[in-house]
Structure formats: structure tokens, C-alpha cells
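# Summary of structural features
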Amino acid sequence: MIMGLSGSGKSTLLRCINRLIRPTSGQVLVNGIDISKVSEKELLQVRRKELAMVFQNFGLLPHRSVLHNIAFGLELQGVKKEEREKKAMESMKLVGLKGYENQMVGELSGGMQQRVGLARALANNPEVLLMDEAFSALDPLIRVQMQDELLALQSKMKKTIVFITHDLSVVKHISHDIIVMYLGQCVEYADSKTLFKRPLHPYTNGLLDAVPIPSLRQRRLNTQVMRGELTSPIEPKPGCRFAARCPHATDACRGQDIPLREVEPGHWVACRLVCP
């Protein structure tokens, strides 16, 4: 799970994983293959066999039926019609679309269209499923249902799922490991239970404090308000990028960049308050 406010770089990071955006440094390893260095031909094969992406706006083809939308990726791979339609039907059953194969996608609700996007990604049987705010356009009840179905699919198919969201209810419900991003940098990383129980970075605390609390008085006592102006993501200043909004920032925070450090097993944080 990758979480953070809008503009923190979540979608950019996801697109670096499948090289829709070429990384400028570092490595992106998928089953030992560095995506940032492979040729276009090799990259095409990795995308077809190893990776699949579910876009926020669904990315469906309006002139195709549900079945042919789901089978489209297999068609591009040159899979024969009978085989690709068989795989597409199997994928439809997994996400509860059986019986909708001949309908046009424009006839479906947003929740059903999201199922089509998920079924299309699963039809290729990828090792890694990339999901960019995949449930953000759905009604609350449909969103919860899709989250439960995604968890069931993950348990059944044992796939790696990289999920992007800024919705903390989604994070808490379906995440295992969490990366917290701010202006293009990872500021904290831990498993879900640890992060919600003991967040260490002031930015993470601010995000979690933003969860609505029924009691107004209790909310005022708990909430850490993020004040100050956002640092420019185009020309960020040296040091912690959250320093301009952090209530605990010192001059040391505005000096050199602060690397991630492991403060306890499996819990990493980039903050001078935690790692002087």
C-alpha cells in the first residue's frame, strides 16, 4: 500500500514500476528483472506476463463488449480467440461479472465498470497487480464490497498487489505493508498494524489524526494541524520536505536530506526527531 496526500508522488511511483514513466535513478526489480534497464521489446514482455494495472478512470473501450474488453490484453498478445475468451470468462467469474459478457461497458454502473477493469487485469494472470486509486470513484457500499472481493482474490490467487490511495479507511482495511509518501519521498514504511499503532513521522501522525472522530472536543484534542505552505515539488529545498509544515521542525531539519533509517525491525522512518 502506498498512501499520502494528493501530489505526493504516489501515481508517479506506480508508473515507474511498469515504466510508463522512466525512472531517473535507482532500480525497479520485478522477479529479479530491472525494469528501468530492459529494452522496449523486453519491457513489452514483462508488461504482458508479469504486470497488470487497474487505472483510476477504468480505461475501458466503449465500442467493445464486456467480454471483449476483458480479453483485449490477450488479443494483443496473439492468443487465439477461443482461448482468450475462455480465460476472459474465468476472470469474469472471479469478480462476479458472469452473465454480463455481451453488454457494452457504457451500460454498466461505475462499480461494474471497475470490475471489468479488474477482470481485464486478472485475465493475463500477472504476478504483480498495480491499482491506482482503483475504488475512489465508487459509492461507499460498492467500495467496501470491492475491497472485500479484492482481499478474497488475493488470498485465493496469492498475487502481489500494489495499491495507491489517500483514503485511510481503505488503507486500514486491506493493507499489509504501507509506504507513506510526501512530495516524492518515502517518509515512513512499516506493516499496517505497526503504522496505525505507532506512527513516528509527524506527517504520518497528521494523516492519521485526520480520520473523523464523532466528538468535536476529542477531535480538537487529538488533531495535529498541518500549517504552513507546501514546499515546491519542482524545486524542493534541502532537508526534510515536510519541515515547512511540521510543528516540531528545527534548523537541523532544513539542512541535509534525511534518509530512511530502520528504527525497529521492519519500521523505517526519515525524521531527525526519531533518528537524531
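Everything numeric here is computed off the predicted structure, so don't read it as measured data. Starting afresh in each chain, residues are numbered from 1 along the sequence in its written order. The predicted origin of the model limits local features to residues at a pLDDT of at least 70 and limits the giving and counting of side-chain atom pairs to 80 or more, whereas totals for whole chains, interfaces and linings rest on all residues. With hydrogens and water stripped out, all remaining heavy atoms of the structure feed into the side-chain values.

Within the chain, the secondary structure is distributed over 11 helices and 10 strands. Computation of the radius of gyration draws on C-alpha atoms, with the globule rule given as 2.2 Å multiplied by the number of residues to the power 0.38. At 21 Å, the chain has a C-alpha radius of gyration in line with the 19 Å of a compact globule built from 276 residues. With the principal axes as the frame, the chain shows a C-alpha extent of 65 × 50 × 35 Å. Under the scheme applied here, a residue whose accessible area is under 20% of the maximum for its type counts as buried, over 50% as exposed, and between as partly exposed, the area being computed with a 1.4 Å probe on protein chains only. Counting all 276 residues of the chain, 44% fall into the buried class. Any pair of residues with heavy atoms lying within 4.5 Å of one another is described as a contacting pair. Considering only intrachain contacts with a sequence separation of at least 6, the fraction spanning at least 24 residues in the chain is 58%. Counting from the N terminus, the helices are DSSP H or I runs at least four residues long and the strands are E runs at least two residues long.

The next subject is the pattern of salt bridges. The working definition used for a salt bridge is a side-chain nitrogen of Lys or Arg within 4 Å of a carboxyl oxygen of Asp or Glu. All chains considered together, the criterion is met by seven salt bridges. Two residues, K37 and D34, come together in a salt bridge whose shortest N-O distance is 3.1 Å. K37 sits in the exposed class, given a relative accessible area of 62%. Residues joined by salt bridges that share partners form a network here, namely R19, R22 and E40.

A separate point is the environment of V269. Topologically, V269 is positioned in strand β10 (residues 267-269). Residue classification places V269 among the buried positions, given a relative accessible area of 0%. Linking V269 and E40, residues 229 residues apart in sequence, is a C-alpha distance of 35 Å. Beyond its immediate stretch of four places on either side in the chain, V269 contacts V187, E188, L200, H201, P259, L260, R261, V263, V274 and C275.

Before going further, it helps to spend a moment on the environment of L130. Mapping L130 onto the fold places it in strand β5 (residues 128-132). Sequence separation between L130 and W268 is 138 residues; the distance between their C-alpha atoms is 23 Å. When residues no more than four places from it in sequence are discounted, the contact partners of L130 are L14, I17, N18, A52, M53, V54 and V162.

In a regular helix each residue adds 1.5 Å, so 14 residues correspond to 20 Å; helix α5 (residues 81-94) covers 20 Å between its end C-alpha atoms and thus fits that length. Those residues of α5 not exposed but buried are R84, A88, S91 and M92. End-on view of α5: buried residues confined to an arc of 105°, all on one side of the axis. Turned more than 90 degrees from where α5 packs its buried face, E82, K86 and K93 sit exposed. On the buried face of α5, the contacting elements are α3 (66-70), α4 (72-76) and α6 (110-123). To estimate how far a helix should extend, the number of its residues minus one is multiplied by 1.5 Å. It is the directions from the helix axis to the C-beta atoms that the arc portrays.

This part takes up the nonpolar core. Remark: nonpolar core denotes a set of buried residues (Ala, Val, Leu, Ile, Met, Phe, Trp, Tyr, Cys) joined through side-chain atoms within 4.5 Å. The biggest cluster of nonpolar side chains holds 53 residues, and the ones touching the most others in it are I70, L97, L118, M131 and F163. Per element, the largest residue contribution to this core is seven residues, and it comes from α6. Setting aside residues up to four positions removed in sequence, F163 forms contacts with M1, I2, M131, A134, F135, L150, V170 and I174. Judged by nonpolar contacts, the second largest core, of 16 residues, contains I17, V38, V162 and M181.

With 18 residues, helix α7 (residues 140-157) should cover 26 Å at 1.5 Å per step; its first-to-last C-alpha distance of 25 Å lies within 8% of that length. Those residues of α7 that sit buried are R143, M146, Q147, L150 and L153. Take α7 and look down its axis: the buried residues cluster within an arc of 125°, on one side only. Those residues of α7 that are exposed and angled more than 90 degrees off the buried face are L141 and K156. In the core, the buried residues of α7 are packed alongside α5, α6, β5, β6 (160-165) and α8 (168-174). At the C-terminal side of α7, K158 shows a positive phi close to 55°.

Our focus in this paragraph is the packing of aromatic side chains. Aromatic rings from Phe, Tyr and Trp, taking only the six-membered ring of Trp, are treated as a pair when their centres fall within 6.5 Å; an angle between ring planes under 30 degrees marks them as stacked, one over 60 as edge-to-face, and anything in between as tilted. Under the defined criterion, the tally for this structure stands at three aromatic pairs. Between Y203 and F242, the ring centres sit 5.4 Å apart and the planes meet at 55°, which makes this aromatic pair tilted. With Y203 in helix α10 (residues 202-209) and F242 in the loop between α11 (216-222) and β9 (261-264), this residue pair connects regions lying 39 residues apart in the sequence. Taken together, the aromatic side chains of Y182, Y203 and F242 make up a single cluster linked through ring pairs.

Turning our eyes to something else, we now look at the confidence of the model for the chain. Values of pLDDT, which run from 0 to 100, indicate the predictor's confidence residue by residue. For the chain, the average pLDDT comes to 83, and 90% of its residues sit at 70 or higher. When the elements of the chain are averaged for pLDDT, α11 gives the smallest value, 45, and β10 the largest, 95. pLDDT under 50 marks residues 214-222. Its contacts with residues more than four places away, or in other chains, come to five contacts.

When DSSP finds at least two bridges between two strands, those strands are taken to pair. Overall, mixed pairing links the eight strands, which are arranged β4-β5-β6-β1-β7-β8-β10-β9 in an open sheet. Of all strands in the sheet, those with a lone pairing partner are β4 (51-54) and β9, marking the two edges. In the sheet, β5 pairs with β6 via five bridges, with the strands oriented parallel. When the sheet's bridge partners are listed, M131 is paired in β6 with F163.

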